[in-house]
Amino acid sequence: LFGAMDKPLYSAREDWKDVQPITQDDGPHPACSIAYSEQFKDHMDYFRAIVQRQEYSDRALELVTDTLELNPANYTIWQYRRALLRTLQKDLAQELAYIEGVIRELPKNYQVWYHRKAVVEMCGDGSRELALTAAVLEEDAKNYHAWQHRQWVMETYNLFDGALDYVDKLLTDDCRNNSAWNHRYFVVQKTTGFTPEVCGNEVNYALGFIRNVPGNESAVNYLRGVVEAGKQPYATYPDIVPTLLALAGEAVPSAQVLALMVDILETESAAGSGEARAQAAVFCDALAARVDTIRARYWLLRKAQFAAA
């Protein structure tokens, strides 16, 4: 990442002659020895030595930086790096710049995201994190580590301004981005909460996306989640059933829409509605026969349960 490959081995450096490297002990009869490169063995041998010596110095930090270039997923090295930063009282702004470079190269490396979080906590300042995570999500809108870090920093440092606008942008780009839908739920939950008014607005928001793309499972699941969070029946929201029924009547209806209607009608049938049971059976037949045939036996079972109710 940052040039360690061009440096001489630590065993050849005069400024490291006072350190006795510690080789890896695989036991007398290793079953399958790993063919490490000479440079990797050199760096790790000296890393073990400084850990044993408990050396906290600038040269130790240099060694750690070079060794992480060879194995950036080694959590032990990252932990020792944090100890060095604290002991040497290093400039944490410089460290954040360093970590950003590693993240840009390896955006799905869990250890570097954890290190980033730890350094942000050491700084007590999360102001750089929204821009960083947005840049990473621009490349991969479903990067779990970036989303996790973004949500942590937003909640920890109360950085919710403009959060829903950001989600709107992502969903405009890709209405099936389930990560963005999840984030919207998180933002609402942590700010306004799912009050009756908010639930009404969020139901209408989700319905708008469902009308445009009825097969959008992410939007349908968000709608389910909002209604559940509001702890009110679907009938509380007057636009849900008419919208879904209209979409269910299309020539090629969406499996997600029909499945949601079956669940809604199941609730109504539990209250004693024979008409709801009959309509649910019709939707189960459609799902089993032509819309969701891979789960045909499941939908026929659901139909039989309605008949037995």
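You'll find the structure just up there.
Criteria and cut-off values
- Residues numbered from 1 in each chain as written.
- Predicted model: local features only at pLDDT ≥ 70, side-chain atom pairs only at ≥ 80, totals over all residues.
- Heavy atoms only, no water.
- Axes fitted to C-alpha atoms, helices over the stretch in contact; angles between N-to-C directions.
- Helix = DSSP H or I, 4+ residues; strand = E, 2+ residues; numbered from the N terminus.
- Parallel < 35°, antiparallel > 145°, perpendicular 65-115°, else oblique.
- Left-handed = near helix turned anticlockwise from the far one by under 90°.
- Contact = heavy atoms within 4.5 Å.
- Nonpolar A, V, L, I, M, F, W, Y, C, P; charged D, E, K, R; others polar.
- 1 Å grid on protein atoms, 1.4 Å probe; cavity = no way out; pocket = protein on both sides within 12 Å on 5 of 7 lines; lining within 4 Å.
- Points joined across faces, edges and corners; volume = space filled by probe spheres on them.

S.K.: Give a detailed account of the packing of helix 10 (residues 196-212) against helix 11 (residues 217-230), specifying residues and quantitative values.
M.R.: Across the interface, helix 10 lies against helix 11 with an axial gap of 9 Å and an inter-helix angle of 165°. As summarised for this structure, helix 10 and helix 11 are arranged roughly antiparallel, according to the angle between their axes. Crossing of helix 10 against helix 11: the hand is left-handed. Residues Cys199, Glu202, Val203, Ala206, Leu207, Phe209 and Ile210 of helix 10 touch helix 11, and the partners they reach there are Ala219, Val220, Tyr222, Leu223, Val226, Val227 and Gly230. Considering only residue class, the contact of helix 10 with helix 11 consists of 12 nonpolar, 1 polar and 1 charged.

S.K.: An account of the environment of Tyr144 is needed here, citing residue identities and associated values.
M.R.: Residue placement: Tyr144 occurs in helix 7 (residues 144-157). Remark: the alpha-carbon pair of Tyr144 and Lys108, spanning 36 residues in sequence, is separated by 8.0 Å.

S.K.: Got a sec to walk through the packing of helix 3 (residues 75-88) against helix 5 (residues 110-123)? Specific residues and values, please.
M.R.: Where helix 3 meets helix 5, the closest approach of the two axes is 10 Å, and the angle between their N-to-C directions is 20°. The pairing of helix 3 with helix 5 is recorded here as roughly parallel in orientation. In this structure, helix 3 crosses over helix 5, and the sense of that crossing is right-handed. The segment helix 3 lies against helix 5, with Tyr75, Trp78, Arg81, Arg82, Leu85 and Arg86 engaging Gln111, Val112, Tyr114, His115, Ala118, Val119 and Met122. Looking at the contact of helix 3 with helix 5 residue by residue, the classes come out as 8 nonpolar, 2 polar and 3 charged.

S.K.: Give a description of the layout of surface pockets that names residues and reports values.
M.R.: Empty space within the largest pocket amounts to approximately 160 Å³. Contributing to the lining of the largest pocket are Glu217, Val220, Asn221, Arg224, Ala255, Gln256, Ala259, Asp292, Arg295 and Trp299. Within the residue set of the lining of the largest pocket, elements represented by two or more residues are helix 11 and helix 13 (255-270). With 4 residues, helix 11 is the single largest residue contributor to the lining of the largest pocket. Of the residues in the lining of the largest pocket, the class split is 4 nonpolar, 2 polar and 4 charged.

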